[in-house]
Amino acid sequence: MTETVPFTPLEEAIFYIERMHGPWNVQFEVETATRIDADRLRAAVIAACNVHPLARARKQPHDETDVRCHWAIPDAIADLPPETVTVADGLTASDISAFYRSRFDPVEELPFRVLVDRGEGHDDGDRVHICSNHVAADGVGGAQFVRSLCRAYRGDDLDAEPVSLSTARTVMGDDSPPSPRTALALLGDALGSLGTALREPARIAENGGDETEGWLFERRRLDDDLTERVLEAPPAEATVNDIMLAALHHCIHAWNREHGEPAGRISVMMPLNLRPREWFYDVVGMFTAIGSISTRRRDRRHPRTTLQTVVEQTGRIKDRDRATIPHEVLKLLPTRTPVGLKEWVPELLNGLGRRFVDTAVLSNLGRIPAPAPGFAPEDDPTFWFSPPSFRLAPVGIGVATVDGTVHVTGRYWRSEFDADAAAAFTDRYLDCLEAVVA
């Protein structure tokens, strides 16, 4: 049996953006101390897909006159499409970039693909790369799939989702019209931000990039001292996410000044997990709102000033109705608008729409719950994650805390930075993080 489920407005929007502006694939990596068995890994992927409905979903083909896109979700799968799991030796940075850059064909492929890099994990074990199609899963949903994949490979029994996909979508209000309060907030925010939006955000100074497509990745684990100050002793009213955001604003400011480029208004895109607390790290799906956190030069005179500016903005965004505003905007299109017309909406990001594209992206998954990702019991929990980035916002910073260790991944367009610049920017970011919590 196969269930047909319509795309949510947010899933449709990301689908159209990807078709016009390039893939928004999410990066995950897990290092292991063992040599991965390919057949056992394929069986684990199937097991994980069978407990997460959207992980086994494929998009139904659509006509230009259709008014919705739809997922086709079978009750279970027994095999995988070709190239869902690949094992390779001697992969280069370009190979890894191509793996994450390749666009999913949602009609033919599942929303996840896996690449094993032989010998690049712990103690000559392997590194497992998992690429997630952002249309079907946000960062939290992708992380939940990766945890299930690791548990299935270890032979653990997998827990069913705590709520069904249909219940989750009902709770999130994916198909309900905007509330009166949200409609008023939409109007108020539009009027209040009009002056800011007319000033295009600063763009990050290039350093050594070329015309190569794809990304470079830089990975860092915070040392014990910085981890303690970030996780255990944040300044009053600030969260770990606020600290990470403030540090990125200071990093971009310092980087641009060093390279002779302006840094007036800096705007960082911040995904916000909208799941209720009782299943905050569960359910594979797209349940994320998008907020933009902006600072001006005077807000960056001192790290604490920057942090306070960030705290004020994230506090407003965390209000439930206001957090869903970017989501609700997508529902304002007439319900009978055909797909052939809606798919041209992302073209608005060109021209004048550049003013609404942020400088960079930062996504913090928070503290990943136990059991930690790992393909063998002896694995040191190492979990790398980064959000999509794109040409106008070429820097994406991903943060995930696993077993008390903070993992930071920098994801950079190769047209923006070369390898040395990517490493230097990541080191500068950690220096700025130190300054914010000093």
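Residues take numbers from 1 onward in each chain, read along the sequence in its written order. In keeping with the model being predicted, local features are shown solely for residues with a pLDDT of at least 70 and side-chain atom pairs are shown and tallied solely at 80 or more, while totals for entire chains, interfaces and linings include all residues. Where side-chain values are given, they derive from all heavy atoms of the structure, hydrogens and water being excluded.

Caption draft 1: Molecular detail of helix H4 (residues 139-154). Here H4 spans 23 Å end to end across 16 residues, near enough to the 22 Å set by a 1.5 Å rise per residue. Burial classification: accessible surface area is computed with a 1.4 Å probe over protein chains only, and a residue below 20% of its type maximum counts as buried, one above 50% as exposed, and the rest as partly exposed. Strands are runs of DSSP state E lasting at least two residues, helices are runs of H or I lasting at least four, and both sets are numbered from the N terminus onward. For H4, the buried fraction is high: 15 of the 16 residues fall into the buried class. The first or second residue beyond H4 is glycine 155, which carries a positive phi of 95°. One less than the residue count of a helix, multiplied by 1.5 Å, gives the span that helix is expected to have.

Caption draft 2: Highlighting empty space enclosed by the protein. Here a cavity is any set of points on a 1 Å grid over the protein atoms alone where a 1.4 Å probe fits but cannot get out, and a pocket is any open set with protein on both sides within 12 Å along at least 5 of 7 lines; a residue lines the site when it has an atom within 4 Å of a point. Grid points are joined across faces, edges and corners, and a volume is the space filled by probe spheres set on the points. Tallied over the entire structure, the rule returns 2 cavities of 30 Å³ or more. Volume-wise, the largest cavity comes out at about 40 Å³. We call Asp, Glu, Lys and Arg charged. Ala, Val, Leu, Ile, Met, Phe, Trp, Tyr, Cys and Pro are nonpolar, and the rest, Gly among them, are polar. A class-by-class count of the residues in the lining of the largest cavity yields 5 nonpolar, 1 polar and 3 charged. In this structure, the second largest cavity occupies an estimated 30 Å³ of space. Residue lining of the second largest cavity: Pro53, Leu54, Glu161, Val163, Ser164, Leu165, Val283 and Val284, and that is the complete set. Each residue belonging to the lining of the second largest cavity can be placed in one class, and the counts come to 6 nonpolar, 1 polar and 1 charged.

Caption draft 3: View of the sheet that holds strand E1 (residues 2-6). Pairing between two strands requires that DSSP report at least two bridges joining them. Spatially, E1-E4-E3 is the arrangement adopted by the 3 strands of the open sheet, whose pairing is antiparallel. With one partner strand each, in any of the chains shown, E1 and strand E3 (58-59) form the two edges of the open sheet. For E3 and strand E4 (residues 70-74), the ladder comprises 2 bridges, and the chain directions are antiparallel. Pairing of arginine 58 across the sheet is with alanine 72, part of E4.

Caption draft 4: Spatial organisation of the side chain of serine 97. In this fold, serine 97 is placed in helix H3 (residues 93-101). Look at serine 97 and you get buried, because its relative accessible area is 1%. A contact between two residues is defined here by any heavy atoms of the two lying within 4.5 Å. In this structure, serine 97 is in contact with Glu213, Gly214, Trp215 and Arg414, ignoring residues within four places of it in sequence.

Caption draft 5: Highlighting the sheet that holds strand E14 (residues 405-413). On the basis of which strands lie adjacent, the open sheet formed by 6 strands has the order E8-E14-E13-E11-E9-E10 and mixed pairing. The sheet terminates laterally at strand E8 (215-221) and strand E10 (288-295), the two strands that pair on one side only. Pairwise comparison of adjacent strand axes, ignoring direction, gives a mean angle of 20° for this sheet. The pairing of strand E13 (residues 395-402) with E14 spans 8 bridges and is classified as antiparallel. Each residue of the ladder has a partner; that of glycine 396, found in E14, is arginine 411. Orientation is described by axes fitted as lines to C-alpha atoms, over the contacting stretch for helices, and by angles from 0 to 180 degrees between their N-to-C directions. Against the sheet, helix H10 (residues 303-317) engages strand E9 (266-273) and E10, with an angle of about 150° to E10. Against the sheet, helix H14 (residues 419-437) engages E8, strand E11 (360-368), E13 and E14, with an angle of about 35° to E8.

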